[in-house]
Amino acid sequence: MSDRLHPVDVSFLSAETPTTPMHVGGLAILEPNKHGLDVAGLRRRVEQRIALVPRFRQRVRWVLGGLTQPVWVDDTRFDLAYHVRRTGLPTPGSDEQLRALVGRLLSGSLDRSRPLWELYLVEGLHDGRVAVLTKSHPALVDGVGGVDLLHVLLDDSPATADGVTPVWRPAPEPGPAELAIDAAAQLIRRPGQLAGAVKGAGRLLASARPAPNSPLNAEPGKQRRFATTRTDLEQYRRLRTRPNVTVNDVVLATVTGALRHWLLYRGAPVRTDSVLRALVPTSVRGGPPAAFGGGVGANVATSLVDLPIGEPNPTVRLTQIAYAMRAHAEPGRRVGADALVKLSGFAPATLNAMAVRAASGLSRRLFNLVVTNAPGPQRALFVAGARLREIYPFVPLAPGQGLAIGVTSYDGQVYYGLNADWDAMPDIDVLAGLLAESVDELTEAMV
């Protein structure tokens, strides 16, 4: 029998709606070599690489009557041209036009009748660059041990030869009778599996208090805005030299400062004791499953962190966040940035998938936004011979959320990807600009 989906994956597949698509992914900006990069070449590279990850040719098959979890089966009509698509901007396409296109592409849900991923090659950018946008469902990217699509495509050198493409032959799908028999066996062997997850959820919900009211909490519509910011990793490293401060603390302090100034820009009331609560996933070394992740819980811990937006002093904000993160930490279980890169390569979507798993089990009243930070390697990487210049992660919106922020570092830079509801965040570009100003404010305050 094919692999079954984890109950948590089933729960947010079932809860997913046209206004809350749950896919994760990223926007990669590439500089092609002299041979260029077209959709035919990209499809060849994808075809060669997904042979190593069979899940990318599998779809979800639901069991009649919902007797047990659906299963992964080979897609007998798999069509690579459907999944790897070409689009473009009117030359010379601006960064603003690219972000608007990305917002539209990320707004649509993935087709449930096919493997749960899509890739877009975007042509027409100025300076001869191209972009690659990936969309993958968290059920497909199942934790730190899972592999994101972009991760599969990345190389350490511009060499493009991959040898002969392996021949793929899909296994026949199980019939209805076979699925029903296996479902009955599953119910006999593991009748309490889902109940255990529900009990774990109840324990976490009972220990958390509601998040403060905020303009960030809005019922999302069907359309998204996407904004980006790039900052210098060296600034974060200098700030990390303070006692008991990590790069992740600096990222959260940067987000806090930007949110503070954004609310003041909007004319919203900000008192000295004002906070916003962020859901922050953090990788760990191992241990028992978390309440909302099953096996993924062995690789990630999620924290509800109050961001002190009411504190006007950036140095104090950083100190308060570092203290709060230490209070959430479990000694000996955290994984540092270098170790996480070794575990997951360069795949921000894996950590973002964990955040989706965590958020799917929490009440919308418990946090104001999601902030993820997935460190990447500090060396140049390539896709089909094209050098990766920039990478902006994408985190989906949970019900009741108007903003989610994905962060990653790569080759000396820190990249922020802001996903926002179209109606709730018309000024998302203002917030993106304030992120760069916030890290500069922190740096100047430390001098």
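Account for the overall build of the chain, naming residues and giving values.
Assigned secondary structure in the chain consists of 13 helices and 15 strands. Burial analysis of the chain (447 residues in total) assigns 56% to the buried set. By sequence separation, contacts in the chain at least 24 residues apart represent 80% of the contacts at least 6 residues apart. Entry remark: accessible area of the chain is about 18500 Å², with carbon and sulfur atoms responsible for 54%.

Can you tell me about the environment of Val46, naming the residues and giving the values?
Considering the arrangement of structural elements, one finds Val46 in helix α2 (residues 39-50). Val46 gets classed as buried once you look at its relative accessible area, which sits at 0%. Once the C-alpha coordinates of Val46 and Leu149 are considered, the two residues, 103 residues apart in sequence, prove to be 8.7 Å apart. Those residues in contact with Val46 that sit more than four places away from it in its chain are Leu80, Val84, Trp117, Leu119 and Leu153.

Please set out the packing of helix α8 (residues 233-240) against helix α9 (residues 247-266) residue by residue, giving values where relevant.
Closest axis-to-axis distance for the α8/α9 pair is 9 Å, and the angle between their directions is 110 degrees. By the angle between their axes, α8 is roughly perpendicular relative to α9. The handedness of the crossing between α8 and α9 comes out as right-handed. On α9, the residues touching Tyr236, Leu239 and Arg240 of α8 are Val247, Val250, Val251 and Thr254. Residues belonging to the contact of α8 with α9 are distributed by class as follows: 5 nonpolar, 1 polar and 1 charged.

Please give an account of the sheet that holds strand β12 (residues 382-383) that cites residues and values.
Strand pairing in a sheet is mediated by backbone hydrogen bonds. Such pairs are either parallel or antiparallel. Strand order in the open sheet formed by 7 strands is β4-β5-β6-β1-β13-β12-β7, with mixed pairing between adjacent strands. Because the sheet does not close on itself, it has two edges, and the strands there are β4 (84-93) and β7 (154-155). Across 6 bridges, the pairing between strand β5 (residues 117-125) and strand β6 (residues 130-136) is antiparallel. Across the sheet, the residue bridging to Glu118 is Lys135, located in β6. Contacts between helix α4 (residues 95-107) and the sheet are confined to β1 (24-31), β4, β5, β6 and β13 (386-394), with β4 contributing the most and set at about 155 degrees to the helix.

Provide a residue-level description of the pattern of salt bridges, including the pertinent values.
Opposite charge on two side chains lets them pair, provided their charged atoms get close. Under the definition given, this model contains 19 salt bridges. The salt bridge partner of Arg45 is Asp155, with a shortest N-O separation of 2.7 Å. With Arg45 in helix α2 and Asp155 in strand β7, this pair connects stretches of sequence that are 110 residues apart. Across the pair Glu118 and Arg85 runs a salt bridge, and its minimum N-O distance is 3.6 Å. Pair noted here: Glu118 is in strand β5 and Arg85 is in strand β4, with a separation of 33 residues, a long-range link. Look at the salt bridges and you will find they share partners, linking Asp95, Arg129, Arg230 and Glu390 into a network.

Conventions used here
Residues numbered from 1 in each chain as written. Predicted model: local features only at pLDDT ≥ 70, side-chain atom pairs only at ≥ 80, totals over all residues. Heavy atoms only, no water. Helix = DSSP H or I, 4+ residues; strand = E, 2+ residues; numbered from the N terminus. Buried < 20%, exposed > 50% of the residue type's maximum accessible area, 1.4 Å probe, protein only. Contact = heavy atoms within 4.5 Å. Areas by Shrake-Rupley, 256 points an atom, 1.4 Å probe, with all protein chains shown as cover. Axes fitted to C-alpha atoms, helices over the stretch in contact; angles between N-to-C directions. Parallel < 35°, antiparallel > 145°, perpendicular 65-115°, else oblique. Left-handed = near helix turned anticlockwise from the far one by under 90°. Nonpolar A, V, L, I, M, F, W, Y, C, P; charged D, E, K, R; others polar. Pairing = 2+ DSSP bridges. Salt bridge = Lys/Arg side-chain N within 4 Å of Asp/Glu carboxyl O.

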